[in-house]
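As a plain string of letters, each chain reads:
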Amino acid sequence: MDLETFLINCPICRASVAAIEKGSASVAEWSEEGDPYGTKVSIGLCPSCGNLLVGKADQIGFEGVNDNKNRWSRFSRIYPNPRKTFQSHRIPPQVLESLSDADLSLEANANIAACVMFGRALEAVCKDTLSTAKISLAKGVDMLKEKGIIDDRLYDWSQQLRAFRNLAAHADEDVSSISHRDAEDLQSFVYAIIEYIYDLTDRYEEFKARTSKKN
């Protein structure tokens, strides 16, 4: 009997694996606009290390509606160590796309590529926050600090990201010093600064509006 599998990244093996499916559930509905959408969650085991993996996929093809069969997107891991999600709707698509590419690079142990994409994400944050189409990462971070948008600790951390991004972006530099741990630390920083600038600002504004109505 053939085993059912689904492709997902294993954080222990740091590789995409065909997880052995132990159970799944899916739901399909119609949106208010009349478009179909569906979600599937699967539970499985890594065939290499035996680690428990839980993934979620979105339905991108609906048999008899817009496709000749049901099709699903690539599974994103929701357990263990799910990808970071943000609440704010103000985050530009360029930032989210760069983060997605950086996360995929990190999962594949492509530390150099991950550093470049994290730098690209932060550069897009600077352009959006400072409302300018052209600005370097170095100048953008300096201006974020000057305007009080980030504090000293985030500024110091950003200097390390800029240094690693510059190191990774130039072929004549020695990039062997960029470890997977370094790239993970930079990932944590970029997540923190985006959450600080967007999510926490939105929550603070909502809190002020709510307390103002009470008063």
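### Focus: the overall build of the protein
Check the secondary structure of the protein and you find 5 helices and 6 strands. Secondary structure elements of the protein occur, N-terminal to C-terminal, as β-β-β-β-β-β-α-α-α-α-α. Across its three principal axes, the protein shows a C-alpha extent of roughly 65 × 55 × 30 Å. The 215 residues of the protein split such that 33% are buried. Of the contacts made within the protein by residues no fewer than 6 positions apart, 49% connect residues no fewer than 24 positions apart. When the accessible surface of the protein is totalled, it reaches about 12900 Å², and 49% of it is carbon and sulfur. Charge separation in the protein, taken as the distance between the mean sites of 26 positive and 32 negative side-chain charges, equals 4 Å.

### Re the packing of helix H2 (residues 111-129) against helix H3 (residues 137-146)
Helix packing geometry: the angle between the two helix axes and the distance between the axes. In the contact formed by H2 and H3, the axes pass within 9 Å of each other and the chain directions differ by 55°. As far as their axial angle goes, H3 and H2 are oblique. Along this stretch, H2 crosses H3, giving a crossing that reads as left-handed. Contact residues: H2 offers Gly119, Leu122, Glu123, Cys126 and Thr129, while H3 offers Leu137, Gly140, Val141 and Leu144. Each residue belonging to the contact of H2 with H3 can be placed in one class, and the counts come to 5 nonpolar, 3 polar and 1 charged.

### A few points about helix H1 (residues 93-107)
The terminal C-alpha atoms of H1, which comprises 15 residues, lie 21 Å apart, in line with the 21 Å expected from a rise of 1.5 Å per residue. Regarding H1, the residues found buried are Val95, Ser98, Leu99, Ala102, Asp103, Ser105, Leu106 and Glu107. Asparagine 109 occupies a position one or two residues after H1 and carries a positive phi of about 65°.

### Quick look at the environment of serine 179
Topologically, serine 179 is positioned in the loop between helix H4 (152-169) and helix H5 (180-214). For serine 179, a relative accessible area of 30% puts it in the partly exposed group. Spatially, the C-alpha atoms of serine 179 and lysine 84 are 21 Å apart, while their sequence positions differ by 95 residues. In terms of polar contacts, serine 179 uses its side chain to reach the backbone amide nitrogen of aspartate 182, at 3.1 Å.

### Some words on the nonpolar core
The biggest cluster of nonpolar side chains holds 37 residues, and the ones touching the most others in it are Leu99, Phe118, Leu122, Ile150, Val190 and Ile194. Of all elements in the fold, only H1, H2, H3, H4 and H5 reach the threshold of two or more residues within this core. Here phenylalanine 118 is in contact with Leu99, Ala102, Asp103, Leu161, Ala183, Leu186, Gln187 and Val190, once residues within four sequence places are set aside. In this structure, Cys10, Ala19, Leu53 and Phe75 belong to the second largest nonpolar core, which totals 9 residues.

### Quick look at the side chain of arginine 77
Structurally, arginine 77 can be placed in strand E6 (residues 76-79). One buried charge, arginine 77, has no salt-bridge partner; the nearest side chain with opposite charge is glutamate 107, at 4.1 Å. Here asparagine 9 takes part through its backbone oxygen, which lies 3.0 Å from a polar atom of the side chain of arginine 77. When sequence neighbours within four positions are dropped, the list of residues in contact with arginine 77 reads Ile8, Asn9, Cys10, Pro11, Leu53, Val54, Gly55, Pro82, Arg83 and Glu107.

Each value, and the rule that gives it
Residues numbered from 1 in each chain as written. Predicted model: local features only at pLDDT ≥ 70, side-chain atom pairs only at ≥ 80, totals over all residues. Heavy atoms only, no water. Helix = DSSP H or I, 4+ residues; strand = E, 2+ residues; numbered from the N terminus. Buried < 20%, exposed > 50% of the residue type's maximum accessible area, 1.4 Å probe, protein only. Contact = heavy atoms within 4.5 Å. Areas by Shrake-Rupley, 256 points an atom, 1.4 Å probe, with all protein chains shown as cover. Lys, Arg positive; Asp, Glu negative; His and termini not counted. Charge placed at Lys NZ, Arg CZ, Asp CG, Glu CD. Axes fitted to C-alpha atoms, helices over the stretch in contact; angles between N-to-C directions. Parallel < 35°, antiparallel > 145°, perpendicular 65-115°, else oblique. Left-handed = near helix turned anticlockwise from the far one by under 90°. Nonpolar A, V, L, I, M, F, W, Y, C, P; charged D, E, K, R; others polar. Expected span 1.5 Å × (residues − 1). Polar contact = N/O pair within 3.5 Å; in protein donor to acceptor, adjacent residues only side chain to side chain. Core = buried A, V, L, I, M, F, W, Y, C linked by side-chain atoms within 4.5 Å. Salt bridge = Lys/Arg side-chain N within 4 Å of Asp/Glu carboxyl O.

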